[in-house]
Amino acid sequence: MFKLPARTDTSRGFTLIELVVVLVILSLLTHLAVREMGKVQDGRLARQAERQLEEIRAAVWQTDRGEEPTGFLGDMGRLPRAQATTNETGRTVLTLSELWRRPDDVAPFALRAASTTNLVVPAAVKSELADASVIVPCGWRGPYLRLPTGRDRLLDPWGNPFETPDDAGFVRLFLTNEVAAVAGHPVGAIRHLGADARPDDRQAPATARERDGRIDFLPAGGGTNALAVNANFVNGNGPVGVSGEVRCRWYLPCGGAITGAVEKTSLAGGSFTTFSFTGVPPGVCTLVVDVGGKACARTRVLLPPGGRSVDLKVWVP
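Fair warning: this is a prediction, and the values are worked out from it, not measured in the lab.

What is the right way to read the side chain of threonine 286 from this model?
Tracing the chain through its elements places threonine 286 in strand β15 (residues 283–291). Take threonine 286: its relative accessible area is 5%, and that puts it in the buried class. Each residue touching threonine 286, except ones within four places of it in the same chain, is listed here: Val134, Ile135, Arg249, Trp250, Tyr251, Thr299 and Arg300.

Following this line, the structure appears as structure tokens:
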């Protein structure tokens, strides 16, 4: 009888040691992949935190092509104030909620005339500044900052609040003089505390993702400025001498009202003079120069934080 040759099977399974080696290699590769993915995620969150800070800065003060401010400061003539509220645990905390919700005591945005009822100035100069032909856009026209749906807190990418101290007392809001913010006072700076939620001055950051980020809403010089108006008196033939009283008025938003100031001088045939003001808030400033009681120049100029000098041609009949 014919018989098939016996089958010789040379295949065999993995030994236990080989399986262990494969598992170790796979675990190592997985660990390395997860670590690299974590670094990528950390970098993404750190960049997102910096973008958030820039968005907050723009919400407070931003200009459209260097001309018209579109932020809170330009409309209100002041920085947003720290607002007290109760969080989910019942604690009273401070927020920047004026950027996304109009408080009841803040007037909505409107075009307002510089009449006596809309002026917030000392009584001694109110009559000199009252001029219904001067129109100033002012008031709250937010939201300047939009929060995700269902959220009423400003959180960083790691889920920690931007605005308030945490349980350890780390302050994120500052007044303009570097003091911790208190309710009702203008906030000059804000920071996030990085992935570790601890300030760098108390615990040195081990990685870039743990590094704090901070913005100051106003550059050096604070929220008040020096304004110099260089008035050049001209007519169709060029410079012209002016004799008598000349005055310069400026107007800027003050919440839902208008503030301003006036300076007067007497000339004796001069064709040039400078008016100097201090304590002028940033924003779009309306300037009016009167010669002999008649408005001969009117313009709107951007007054950035830090102050500005303006050259103004005043046409004299």
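Now that the structure has been shown, the text picks up again.
Can you help me understand the pattern of salt bridges in this one?
As enumerated under the stated definition, the model contains 13 salt bridges in all. With a shortest N-O distance of 3.4 Å, glutamate 128 and lysine 264 are connected by a salt bridge. Linking glutamate 128 in helix α3 (residues 123–129) with lysine 264 in strand β13 (residues 257–270), this pair joins segments that are 136 residues apart in sequence. Residue classification places lysine 264 among the partly exposed residues on the basis of a relative accessible area of 44%. Aspartate 131 is the partner of arginine 298 in a salt bridge, and the nearest nitrogen-oxygen pair spans 3.6 Å. Of this pair, arginine 298 sits in strand β16 (residues 294–303) while aspartate 131 sits in strand β6 (residues 131–138), and the two are 167 residues apart along the sequence. The partly exposed category is assigned to arginine 298, whose relative accessible area is 42%. Each member of the salt-bridge network shares a partner with another, and the members are Glu128, Asp131, Arg247, Arg249, Lys264, Asp290 and Arg298.

Would you mind going over the packing of aromatic side chains with me for this structure?
The full count for this structure, using the stated rule, is two aromatic pairs. Ring geometry for phenylalanine 72 versus tyrosine 144: centroids 5.6 Å apart, planes at 75°, classification edge-to-face. Residue phenylalanine 72 is located in helix α2 (residues 72–76), and its partner tyrosine 144 is located in the loop between β6 and β7 (173–174); the two are separated by 72 residues in the primary sequence. By relative accessible area, phenylalanine 72 is classed as buried at 0%. Between tryptophan 140 and tyrosine 144, the ring centres sit 5.6 Å apart and the planes meet at 90°, which makes this aromatic pair edge-to-face. Owing to a relative accessible area of 13%, tyrosine 144 belongs among the buried residues under this scheme. The ring of phenylalanine 109 is capped by arginine 141, whose NZ or CZ atom sits 4.5 Å from the centre of that ring. Its end group placed over the ring of phenylalanine 174, arginine 214 keeps NZ or CZ at 5.0 Å from the ring centre.

Please explain the environment of tyrosine 251 as it appears in this structure.
Inspection of the secondary structure puts tyrosine 251 in strand β12 (residues 242–254). Here the alpha-carbon distance between tyrosine 251 and glycine 283, two residues 32 residues apart in the chain, equals 9.9 Å. At 2.8 Å, the side chain of tyrosine 251 forms a polar contact with the side chain of arginine 249.

Criteria and thresholds
- Residues numbered from 1 in each chain as written.
- Predicted model: local features only at pLDDT ≥ 70, side-chain atom pairs only at ≥ 80, totals over all residues.
- Heavy atoms only, no water.
- Helix = DSSP H or I, 4+ residues; strand = E, 2+ residues; numbered from the N terminus.
- Buried < 20%, exposed > 50% of the residue type's maximum accessible area, 1.4 Å probe, protein only.
- Contact = heavy atoms within 4.5 Å.
- Salt bridge = Lys/Arg side-chain N within 4 Å of Asp/Glu carboxyl O.
- Phe/Tyr/Trp six-rings, centres within 6.5 Å; stacked < 30°, edge-to-face > 60°.
- Lys NZ or Arg CZ within 6 Å of the ring centre and 35° of its normal.
- Polar contact = N/O pair within 3.5 Å; in protein donor to acceptor, adjacent residues only side chain to side chain.

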